[in-house]
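# Architecture at a glance
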Amino acid sequence: MPTTFSYGRMPRPDAVAFLQFSDSPVSIAAEPEVVEAMRRPEWDGEAGQVVEAFPANSPRVFVLGLGKQEAFNNDVAHKAFAALGRRLTKAKLASVHIDSRGLDAAPMAGRACGEVLGLLSWTQAEYKGTGTTAKAVVETQVCGLQEGFDRGLEAGFAIARSANYARTLANTPPNIATPHWMSDQAIKLGAEHGLEVTVLTGDQLADEKLTGLIHVGRASDNKPCLIRVAYTPQESTGPAVVLLGKTITFDTGGLSLKDRNGMRGMKGDKAGGCAVLGAMHAMATVVKPSFPVVGLLVAAENSVGSDALRPDDVITFRDGTTVEVTNTDAEGRLVLADGLCWAQDKEAPACIVNIATLTGGIYVALGGVRGGLFANDDSVARQLDTAGEATGERLWRMPLDKEYRDMMKSEVADLVNSNLKPAGAAACAAGFLAAFVKPGTRWAHIDMAGMGRTDKARGGIDAGPTGYGVRLLAEFVKEWKS
Ligand code: BES
Ligand code: MN
Ligand code: ZN
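What follows covers the coordination of the manganese ion (ligand 2). Taken together, the protein donors to the manganese ion (ligand 2) comprise Asp251 (OD), Asp329 (O), Asp329 (OD) and Glu331 (OE), at separations of 2.1 to 2.2 Å. Note that the manganese ion (ligand 2) binds 6 donor atoms; their angles at the metal cover 71 to 168 degrees, and the shape is irregular. Each donor residue of the manganese ion (ligand 2) lies on the same chain, and together they follow the pattern D-x77-D-x1-E. For Asp251, a relative accessible area of 3% gives the class buried. Given the relative accessible area of 23%, Asp329 is considered partly exposed.

Right, here's the structure in full:
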């Protein structure tokens, strides 16, 4: 993608984009060329439709269809602006002004526009080889002509930066993106944006009894760590919201080894942690809540070796829970258990939201369209669901019945980490996590397996890493009510 969009105002634009519903009178006080363009048979104002006009003595014009006025919402806006963005990309412009006159939902539309154009601008050139040709990058500055739209636009660009940051992290290959590298990224983020970062490694993990990290990570030379990133406002009110992310930098399955096809793409098993870092970026740059937010990344590489965690091993967690390891490929729940224990012991959280590429089962259930939401608290669940609908990073609530937890009972320990039945895998994993949540702790678990990458373009996101969870978590915290 040779074009990057950014927010910026140039006095003489190369182009003006007009927004037009299919069922409202033409709101453009326009040159005859524009009116003529909208009389062409190809124009019907469907969301995402673009026609162009080249008026004499004024900048080139794009008219973007927004569909029916009544049906216009965030999803439609995303779709429409993605189409406009892809068209503008080809035009190689230095500057575009967006004219949203007559649009009631201008702040929402502006935000969607900024988000989409920002997301469309994502690239990761570092590792590009000869397989792709590097083209000169065109930088297109975009601004809105009406205040509401313009402010939304700027906010949209800002949140897209957080998502793009997470996409870059998630996409970084596992020989580079080790747990230690992840901690370096967090430290860098903290230094740039005033977040406090602490990293626990080696003996410190043992001192704190962070059992899952120690055992999942023990066969790899790339040693595990707990990364804590804290946003603390000047005048801090109330307890912290804790965001906890599974950060398995590569998941071989361990001794319960994945097969060749199952293992490919497992650099993406850190996407939950990347989403949390992206959300922390958003906390510092755009959301700026009045209460503290703590991001916890449980980072390890699930590898093989003579020292690897074995099926049949029994390990004891910080809170005393014993776990019989029946499948070393169910490693995410082991490291998340550490994070849950830590958060409850150390952070006095208002609520804990963990996000993880946890089970193939959730992908089977939801097909990569929505993340799975498990929660022990209806208000937290509702707030997450609302944030999902508002951002398009949608969720679907899944069950946390006691029966699933019962399916995780062990004959030699408190729990097994995998019950070897193919049924209800995502809910069983959630049941396992629930066993580490104390009564009174408000908790939600987002299973985002299958959401971290897309193999085809969707809205403003091209094939590749999606940054799923960043906008969702940022919106959730922005609107959080205890
Ligand atoms: N990281 C995987 C889950 C996953 C699978 C994410 C596919 C993205 C795409 C996780 O650690 C895992 O291996 N889960 C197992 C659990 C099973 C052993 C109980 C699974 O889903 O098969
Ligand atoms: Mn696994
Ligand atoms: Zn995994």
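The element helix H15 (residues 470-478) is largely enclosed, with a buried count of 8 among its 9 residues. Among the residues making up H15, those that are buried are Val470, Arg471, Leu472, Leu473, Ala474, Glu475, Phe476 and Val477.

Our focus in this paragraph is the nonpolar core. Formed by 59 residues in total, the largest nonpolar core has its most connected members in Leu243, Leu277, Met280, Leu384, Ile446, Phe476 and Val477. It is helix H9 (residues 271-287) that contributes the most residues to this core, 11 residues altogether. Leu384 has contacts with Val353, Leu373, Leu395, Ala444, Ile446, Leu472 and Phe476, leaving out every residue within four places of it along the chain. Counting 42 residues, the second largest nonpolar core, distinct from the first, contains Leu244, Cys341, Trp342 and Phe432.

So, about the side chain of Arg333. With respect to the element layout, Arg333 can be found in helix H10 (residues 332-346). This buried residue, Arg333, is left without a salt bridge; Glu331 holds the nearest opposite charge, at 7.2 Å. Within the structure, Arg333 has its side chain in polar contact with the backbone oxygen of Asn417 (distance 2.6 Å). The residues touching Arg333, leaving out its near neighbours within four places in the chain, are Leu358, Thr359, Met408, Asn417, Ser418, Ala429, Phe432 and Leu433.

With that settled, the discussion passes to the site of ligand 1. Near ligand 1 there are 15 residues, and of these Lys258, Asp269, Asp329, Glu331 and Gly360 occur at the shortest range. Here a nitrogen atom of ligand 1 and a side-chain polar atom of Asp269 are 2.8 Å apart. Across the complex, the protein chains shield 75% of the 520 Å² of accessible surface that ligand 1 would expose by itself. Its residues placed into classes, the shell around ligand 1 shows 3 nonpolar, 5 polar and 7 charged.

For the rest of this paragraph, the subject is the pattern of salt bridges. Using the criterion set out here, one finds 28 salt bridges in the structure. For Glu52, the salt bridge is made with Arg60, and the minimal N-O distance between the two is 2.9 Å. Taking the relative accessible area as the measure of exposure, Glu52 reaches 14% and is therefore buried. Given a relative accessible area of 23%, Arg60 falls into the partly exposed group. Between Asp406 and Lys409 there is a salt bridge, and its shortest N-O distance comes to 3.7 Å. A relative accessible area of 29% places Asp406 in the partly exposed class.

Of the protein atoms, only Lys246 (NZ), Asp251 (OD), Asp269 (OD) and Glu331 (OE) coordinate the zinc ion (ligand 3), at distances of 2.0 to 2.4 Å. Considering all 6 donor atoms around the zinc ion (ligand 3), angles at the metal cover 78 to 174 degrees and the coordination shape is octahedral. The motif formed by the donor residues of the zinc ion (ligand 3), counted along the single chain, is K-x4-D-x17-D-x61-E. The metal-metal distance between the zinc ion (ligand 3) and the manganese ion (ligand 2) is 3.1 Å, with Asp251 coordinating both.

Cut-offs used in this document
- Along every chain, residues carry numbers that run from 1 in the direction the sequence is written.
- In the order they appear in the text, chains get letters beginning with A and ligands get numbers beginning with 1.
- Since the coordinates come from a predicted model, pLDDT governs what is reported: local features require at least 70, and pairs of side-chain atoms require 80 or more to be given and counted, while whole-chain, interface and lining totals use all residues.
- Excluding hydrogens and water, the side-chain figures rest on all heavy atoms present in the structure.
- Distances up to 2.8 Å from the metal define which N, O and S atoms are donors, and 3.2 Å serves for Na, K and Ca; water is absent from the atom set, so sites may look incomplete.
- Geometry is assigned from donor-metal-donor angles: four donors are tetrahedral when every angle falls between 85 and 135 degrees, four are square planar and six octahedral when opposite donors sit over 155 degrees apart with all other angles between 65 and 115, and any other arrangement is irregular.
- For the exposure calls, accessible area comes from a 1.4 Å probe over protein chains only, and a residue counts as buried if that area is under 20% of its type's maximum, exposed if over 50%, partly exposed in between.
- Working definition: helices are DSSP H or I runs of at least four residues, strands are E runs of at least two. Numbering for both runs from the N terminus.
- In these notes, a set of buried Ala, Val, Leu, Ile, Met, Phe, Trp, Tyr and Cys residues joined through side-chain atoms within 4.5 Å is what counts as a nonpolar core.
- Any pair of residues with heavy atoms lying within 4.5 Å of one another is described as a contacting pair.
- Here the positive residues are Lys and Arg and the negative ones are Asp and Glu; neither His nor the chain ends is included.
- Whenever a carboxyl oxygen of Asp or Glu lies within 4 Å of a side-chain nitrogen of Lys or Arg, that contact is scored as a salt bridge.
- In protein, a polar contact requires one atom able to donate a hydrogen and another able to accept it; more generally it is a pair of N or O atoms within 3.5 Å, and residues adjacent in sequence count only if both atoms are side-chain atoms.
- We call a residue near a molecule or strand as soon as one heavy atom of that residue lies within 4 Å of the molecule or strand.
- For the accessible areas, the method is Shrake-Rupley and the probe is 1.4 Å, while residue cover comes only from the protein chains on display.
- Gly counts as polar in this scheme, as do all residues outside two lists: the nonpolar Ala, Val, Leu, Ile, Met, Phe, Trp, Tyr, Cys and Pro, and the charged Asp, Glu, Lys and Arg.

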